[in-house]
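Letter by letter, the chains look like this.
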Number of protein chains: 2
Amino acid sequence: MNQLTVVKIGGNVIDNADQLSAFLSAFSTIPGYSILVHGGGKIATTLGNKLGITSQYVEGRRITDRETLDLVTMVYGGLINKRIVASLQAIGCNAFGLTGADGNLIRASIRGVEQINYGFVGDINNNGVNTGLLTSLLSTGLVPVVAPLTHDKAGNMLNTNADTIAQQLATAMAHSMSVRLIYCFEKRGILADVNDENSVIRTIDARRFRELKEQNIIGGGMIPKVSNALDAVSHGVVRVVIGQAAELQGLISGNSGTIIQ
Amino acid sequence: MNQLTVVKIGGNVIDNADQLSAFLSAFSTIPGYSILVHGGGKIATTLGNKLGITSQYVEGRRITDRETLDLVTMVYGGLINKRIVASLQAIGCNAFGLTGADGNLIRASIRGVEQINYGFVGDINNNGVNTGLLTSLLSTGLVPVVAPLTHDKAGNMLNTNADTIAQQLATAMAHSMSVRLIYCFEKRGILADVNDENSVIRTIDARRFRELKEQNIIGGGMIPKVSNALDAVSHGVVRVVIGQAAELQGLISGNSGTIIQ
């Protein structure tokens, strides 16, 4: 069975040229097939401010209006995606940038409007990942670099969470490949003591997750991240690890970060 | 021998939503393999003005400094490219957006600096088109949509003329496929009388081109366009036609526009 490693990086790595460069060097050495999913970063916010686009938030969630959609399509799908692709190409990694619209890679639906209209935000459809396309690209020797954008196949690009995209790509490919999923974020792993980077919890399963939530050790934005990771495990992803981009090799070998199992 | 149609559209079509939509409908019905190459349009200039990026011109040519490069990477590679891809996907055409960096599709070199430093502008290398990748994408059923950006494989994106990209893709693919190249621009073809849209010159060869230049019927920006077209013919492209996007079907059948032979 072919081995596939799906790695997600967030804005903290993208916004730091030195960290990004070091990460991409490590990423390019991953054996077997690999896919990189990237998030946004501060560039979109900075540029939006310059353009007078002020994001609206409802209950802590950003609303993607038409202007914001155009902004993230430019910045995520154009600037960040192509910077990463050109940088990987320069170090011999045959990177290939995509959004969910390209080749109908990821089909999504505009988030159901109940109390809140989130605008052009996409929730990935059931069986929305085009595994045939991914398999074809990977077997051609290409390394997909995926921006956090999907489409509704009715002409609209949609803003979609990068963690979710990484999880859905990994899960969909787990039917035919041995898949590892690596989430890179700010910390070295999930910490027992948020102020101590050396307190990384080595493994978390569903039961331990419940305990850690009850003890308020896992809270806020970490809850959906760990839930996503547990979903991936329950859908056949062989290994899910959460940690720091600077320790990518350790995350892949399982010597660093928090393993979700 | 497989048939491939390479179509180039410019800013005048991209900037007009109705024209673009009608063009994409016609484009999606082209039989055989097809590739769409798109230019820029006014969006980059408008956005650049809002951001306070003022393009410098030297002898009528725009200088691509770092800020301008980021701008065109966002607008051409992100916004315009993904709008076109999402629109084609909505009408059942399996479009797939690329720049020259993606999968090392088009390798270029920063334009040689003599008197003038054009900045991040790329001239396509000899054998710079990755025909293996294009063949693989086409045979997978994908329709490449190519933005006017290349890379130097040293980490830099480069701004590159869309006419030249279309010509180079067509020429490179002419070794293995029967290739037609269609340039869409503002007029219905090359006009004997610039004020009369019904004065389309039906065919032009190298000799007629020299005559038309001497008579000042072809001048300015049309000279490189027709030169490009003649180059394509001399390198094995079966048919090159210049005309209006609204008449795409006629251009393909040879009933509209100016045929370069």
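In case you missed it, the structure is sitting above this.
Residues numbered from 1 in each chain as written. Chains lettered and ligands numbered in written order. Predicted model: local features only at pLDDT ≥ 70, side-chain atom pairs only at ≥ 80, totals over all residues. Heavy atoms only, no water.

Re the side chain of His38 of chain B
With respect to the helices, strands and loops of the structure, His38 of chain B is situated in strand β2 (residues 33–38). A distance of 3.1 Å separates the side chain of His38 of chain B from the side chain of Asn81 of chain B, its partner in a polar contact. (Helix = DSSP H or I, 4+ residues; strand = E, 2+ residues; numbered from the N terminus. Polar contact = N/O pair within 3.5 Å; in protein donor to acceptor, adjacent residues only side chain to side chain.)

Details of the sheet that holds strand β11 (residues 178–185) of chain B
All names here are of chain B. The mixed open sheet is built from eight strands, whose spatial order is β5-β8-β2-β1-β11-β13-β14-β12. Only two strands of the sheet have a single neighbouring strand rather than two, namely β5 (95–98) and β12 (203–204). Along the sheet, helix α2 (residues 17–27) makes contact with β1 (3–9), β2, β8 (143–146) and β11, crossing β2 at roughly 155°. (Pairing = 2+ DSSP bridges. Contact = heavy atoms within 4.5 Å. Axes fitted to C-alpha atoms, helices over the stretch in contact; angles between N-to-C directions.)

Re the interface of chain A and chain B
Listed as interface residues are 39 residues of chain A and, on the opposing side, 39 residues of chain B. Regarding the contact of chain A and chain B, the summed buried area is about 2900 Å², with carbon and sulfur atoms giving 68% of it. Among the residues of chain A in contact with chain B, Met74, Lys82 and Phe96 of chain A are the three that bury the most area, contributing 20% of the side total. Summed over the shared surface of chain A and chain B, the number is four salt bridges. The residue Asp102 of chain A makes a salt bridge to Lys82 of chain B at a minimum N-O spacing of 3.0 Å. In this structure, the connection of chain A to chain B is made through twelve residue pairs in polar contact (both at pLDDT 80 or more). (Buried area = accessible area lost by both parts, 1.4 Å probe. Salt bridge = Lys/Arg side-chain N within 4 Å of Asp/Glu carboxyl O.)

Brief notes about helix α8 (residues 222–234) of chain A
Residue and element names in this part refer to chain A. With 13 residues, α8 extends 18 Å from end C-alpha to end C-alpha; this agrees with the ideal 18 Å at 1.5 Å per step. Turning to α8, its buried residues number three or more, namely Met222, Lys225, Val226, Asn228, Ala229, Leu230 and Ala232. Those residues of α8 that are buried are in contact with β1 (3–9), α6 (162–173), β11 (178–185), α7 (206–214), β13 (239–244) and β14 (258–260). Positive phi appears at Gly236, one or two residues downstream of α8, with a value of about 100°. (Expected span 1.5 Å × (residues − 1). Buried < 20%, exposed > 50% of the residue type's maximum accessible area, 1.4 Å probe, protein only.)

A closer look at the layout of surface pockets
Considering only enclosed or pocket space, the largest pocket measures out at about 1600 Å³ in volume. Lining the largest pocket are 49 residues, and of these Thr160, Asn161, Ala162, Asp163 and Thr164 of chain B sit closest to its centre. Counting residues per element, the ones that place at least two in the lining of the largest pocket are α1 (11–14), α3 (42–50), β4 (61–63), β7 (122–129), α6 (162–173), β11 and α8 (222–234) of chain B. The leading source of residues in the lining of the largest pocket is β7 of chain B, at eight residues. Taken together, the residues of the lining of the largest pocket break down into 14 nonpolar, 27 polar and eight charged. In this model, the second largest pocket occupies a volume close to 1200 Å³. Of all the secondary-structure elements, those providing two or more residues to the lining of the second largest pocket are α1 (11–14), α3 (42–50), β4 (61–63), β7 (122–129), α6, β11 and α8 of chain A. (1 Å grid on protein atoms, 1.4 Å probe; cavity = no way out; pocket = protein on both sides within 12 Å on 5 of 7 lines; lining within 4 Å. Points joined across faces, edges and corners; volume = space filled by probe spheres on them. Nonpolar A, V, L, I, M, F, W, Y, C, P; charged D, E, K, R; others polar.)

Describing unusual backbone geometry
Residue and element names in this part refer to chain A. Despite not being glycine, Asn104 shows a phi value in the positive range, around 55°. The class of Asn104 is buried, set by a relative accessible area of 17%. Positive phi, normally seen in glycine, also occurs at Asn127, with a value near 55°. Position of Asn127 among the secondary structure elements: in strand β7.

Comments concerning the relation of the copies chain A and chain B
Least-squares fitting of chain A to chain B yields an RMSD of 0.0 Å, with the superposition described by an axial translation of 0.0 Å and a rotation of 180°. Taken together, the rotation and translation describe the operation of a two-fold axis. By C-alpha distance to the rotation axis, the residue of chain A lying nearest is Gly78 of chain A, at 1.8 Å. Of the residues that chain A buries at the interface, 100% are likewise interface residues in chain B, meaning the two copies contact each other through the same surface. (Least-squares fit on C-alpha atoms with pLDDT ≥ 70 in both.)

Brief notes about the packing of helix α5 (residues 131–139) of chain A against α6 of chain A
Residues and elements named next belong to chain A. At a minimum axis separation of 10 Å, α5 and α6 run at an interaxial angle of 85°. Our classification of the angle between α5 and α6 gives roughly perpendicular. Here α5 contributes Thr131, Leu134, Thr135 and Leu138 to the contact with α6, which in turn contributes Leu169, Ala172 and Met173. For the contact of α5 with α6, a count of residues per class yields five nonpolar, two polar and no charged. (Parallel < 35°, antiparallel > 145°, perpendicular 65-115°, else oblique.)

Points about the side chain of Asn156 of chain A
Along the chain, Asn156 of chain A falls in the loop between β9 (149–151) and β10 (157–159). Once residues lying within four places of it in the same chain are set aside, the contact partners of Asn156 of chain A are Arg66, Phe120, Thr150 and His151 of chain A.

Quick look at the packing of α6 of chain A against α8 of chain A
Residue and element names in this part refer to chain A. Direction vectors running N to C along α6 and α8 enclose 5°, while the axes themselves pass 9 Å from each other. Classified by the interaxial angle, the pair formed by α6 and α8 is roughly parallel. Of the residues in α8, those in contact with Asp163, Thr164, Gln167 and Thr171 of α6 are Lys225, Asn228, Asp231 and Ala232. Grouping the amino acids of the contact of α6 with α8 by side-chain chemistry returns one nonpolar, four polar and three charged.

A closer look at the pattern of salt bridges
One pass over the full model with this rule turns up 16 salt bridges over all chains. Between Arg83 of chain A and Asp70 of chain B there is a salt bridge, and its shortest N-O distance comes to 3.3 Å. With one member in each of two chains, Arg83 of chain A in helix α4 (residues 66–90) and Asp70 of chain B in helix α4 (residues 66–90) form a pair that bridges those chains. Judged by its relative accessible area of 39%, Arg83 of chain A falls in the partly exposed class. The partner of Glu211 of chain B in a salt bridge is Arg208 of chain B, and the shortest N-O contact between them spans 3.5 Å. With Glu211 of chain B and Arg208 of chain B both in helix α7 (residues 206–214), this residue pair falls three residues apart, about one helical turn. Residue Glu211 of chain B is classed as partly exposed on the basis of its relative accessible area, which comes to 29%.

Notes on the pairing of strand β8 (residues 143–146) of chain A
Residue and element names in this part refer to chain A. With burial as the criterion, each face of β8 is covered, one bearing Val143 and Val145 and the other bearing Pro144 and Val146. By the bridge criterion, two bridges tie strand β2 (residues 33–38) to β8 in an arrangement that is parallel. Bridging from a neighbouring strand, Leu36 pairs with Val145 of β8. Here four bridges tie strand β5 (residues 95–98) to β8, and the two strands are oriented parallel to one another. If you follow Leu98 over to β8, its bridge partner there is Val146.

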